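Listed here are the chains, written in short residue letters.
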Amino acid sequence: MDGKYTWKADYNTGIKFIDEQQQYFFNIVSTLKENLSTGVCKESASKIFFSLAHYAEHYLIQEEIYFKDYHFPTIKQHKDLHKEFIRRVIQFQVDYETDVVETCRTMLDYLEEWFDNHILKYDKKAMDYLKEKGL
Ligand SMILES: [Fe+2]
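Because the structure is predicted, anything quoted here is derived from the model rather than measured.

Draft legend 1. Structural context of the coordination of the iron ion. At the metal site, the iron ion is ligated by E63 (OE), H78 (NE2), H82 (NE2), H118 (NE2) and D123 (OD), and these contacts range over 2.0 to 2.2 Å. All donor residues of the iron ion come from one chain, and their arrangement in sequence is E-x14-H-x3-H-x35-H-x4-D. Of this pair, E63 sits in helix 2 (residues 41-69) while H118 sits in helix 4 (residues 100-132), and the two are 55 residues apart along the sequence. H118 matches E63 in its accessibility class, with the two residues each being buried.

Draft legend 2. Highlighting the layout of surface pockets. Reported here for the largest pocket is a volume of approximately 160 Å³. If you trace the largest pocket, you find it lined by Y24, N27, I28, T31, S44, K47, I48 and S51. If you list the elements that add at least two residues to the lining of the largest pocket, you get helix 1 (16-37) and helix 2. When the residues that make up the lining of the largest pocket are grouped by side-chain class, the tally is three nonpolar, four polar and one charged.

Draft legend 3. The arrangement of helix 1 in detail. The end-to-end C-alpha separation of helix 1 is 32 Å, in line with the 32 Å expected for 22 residues at 1.5 Å each. G39 sits one or two positions beyond helix 1 and adopts a positive phi of about 75 degrees.

The rules behind the values
- Residues numbered from 1 in each chain as written.
- Predicted model: local features only at pLDDT ≥ 70, side-chain atom pairs only at ≥ 80, totals over all residues.
- Heavy atoms only, no water.
- Donors = N, O, S within 2.8 Å, 3.2 Å for Na, K, Ca; no water.
- Helix = DSSP H or I, 4+ residues; strand = E, 2+ residues; numbered from the N terminus.
- Buried < 20%, exposed > 50% of the residue type's maximum accessible area, 1.4 Å probe, protein only.
- 1 Å grid on protein atoms, 1.4 Å probe; cavity = no way out; pocket = protein on both sides within 12 Å on 5 of 7 lines; lining within 4 Å.
- Points joined across faces, edges and corners; volume = space filled by probe spheres on them.
- Nonpolar A, V, L, I, M, F, W, Y, C, P; charged D, E, K, R; others polar.
- Expected span 1.5 Å × (residues − 1).

Shown next as structure tokens:
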């Protein structure tokens with residue numbers, strides 16, 4: 001993410017489900033960023049964690065189903081990245097109990113990196129494959 005936190009048209013993949021997923025995740029990061037800057041991370045954290053759980057349970061799982069259905073070649077590596085993401089989010093929830101602000105900060109960095117590296121790179125590449133296969 002380049003720091004401006006505005007949605008860019010070229011984020012779109014043309015696959016409705018994936019575009020929704022990206023937008024959903026982007027909104028979580030924007031909310032967290034805004035809340036940190038206004039010092040209300042504590043009030044909003046449970047909503048952020050709820051949204052991240054929804055992202056993982058709904059979107060990541062659906063992505064994996066597509067990978068399986070369309071015989072995506074590096075499904076194992078991609079699923080491992082999803083698992084690591086879920087592990088990190090659970091750890092953030094634990095850390096949050098002892099240090100709210102620091103956890104929100106670290107989490108924001110992690111989520112931004114996930115958006116830039118996972119969603120915009122790995123997922124996009126995977127979607128190109130799925131589109132080629134007719135999704
Ligand atoms: Fe993914």
